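# Residue-level structure breakdown
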Amino acid sequence: ERLNNPDLSELPAFLIDANKVKPGLNSGFMIPHCTAAALVSENKVLCHPSSVDSLSTSAAKEDHVSMGGFSARKALQVVENVESIISIELMCATQGI
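Residues numbered from 1 in each chain as written. Predicted model: local features only at pLDDT ≥ 70, side-chain atom pairs only at ≥ 80, totals over all residues. Heavy atoms only, no water.

Below, the discussion takes up helix H1 (residues 30–46). Since there are 3.6 residues in each turn of an α-helix, residues three or four apart along the chain are aligned in direction. Its 17 residues place the ends of H1 24 Å apart at the C-alpha level, agreeing with the 24 Å of an ideal helix rising 1.5 Å per residue. Along H1, the residues classified as buried are Pro32, His33, Ala36, Leu39, Asn43 and Leu46. For H1, the buried positions fall inside an angular range of 145° around the axis, keeping them on one side. In H1, those exposed residues whose orientation departs by more than 90 degrees from the buried face are Lys44 and Val45. (Helix = DSSP H or I, 4+ residues; strand = E, 2+ residues; numbered from the N terminus. Expected span 1.5 Å × (residues − 1). Buried < 20%, exposed > 50% of the residue type's maximum accessible area, 1.4 Å probe, protein only. Arc of directions from axis to C-beta.)

Moving on, we get to helix H2 (residues 68–96). The terminal C-alpha atoms of H2, which comprises 29 residues, lie 41 Å apart, in line with the 42 Å expected from a rise of 1.5 Å per residue. Every buried residue of H2 is accounted for by Lys74, Val78, Asn81, Ile85, Ile88 and Cys92. Looking at the buried positions of H2, the neighbouring elements they touch are H1. (Contact = heavy atoms within 4.5 Å.)

Taken together, the side chains of Val82, Ile86 and Leu90 define a hydrophobic patch exposed on the protein surface, amounting to about 260 Å² of accessible area. By secondary structure assignment, the location of Val82 is in helix H2. The class for Val82 is partly exposed, based on a relative accessible area of 34%. (Patch = residues over 30% accessible without salt bridge, like charges linked within 9 Å, V, L, I, M, F, W, Y side chains within 5 Å. Areas by Shrake-Rupley, 256 points an atom, 1.4 Å probe, with all protein chains shown as cover. Salt bridge = Lys/Arg side-chain N within 4 Å of Asp/Glu carboxyl O.)

Glancing now at the side chain of Ser9. Relative to the assigned elements, Ser9 resides in the segment before H1. For Ser9, a relative accessible area of 18% translates into the label buried. Reaching out from Ser9, the side chain makes a polar contact with the backbone nitrogen of Leu11 at a distance of 3.2 Å. Contacts of Ser9, omitting those with residues within four sequence positions, involve Arg2 and Leu3. (Polar contact = N/O pair within 3.5 Å; in protein donor to acceptor, adjacent residues only side chain to side chain.)

Below you can see the structure in the form of structure tokens.
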């Protein structure tokens, strides 16, 4: 947000010079910005504790089912999303320079 928003930085909107390119023909870094925001929101959902989804099993004799495997898969997805977010941030920073 900070790099793409001219109100928060001294850079042009979406890191594209509107004097050189016609607005509407080139959206600059607007789409990568939206992609990063969507990945951050997805991570917030993935960080919801898996333990709240545990159900009783074995005719209600066991009250807790390990959600470790599911938690590990969610953690892996969060890491992959963060890698993509950082890549987008690096692209924006490079364009800003």
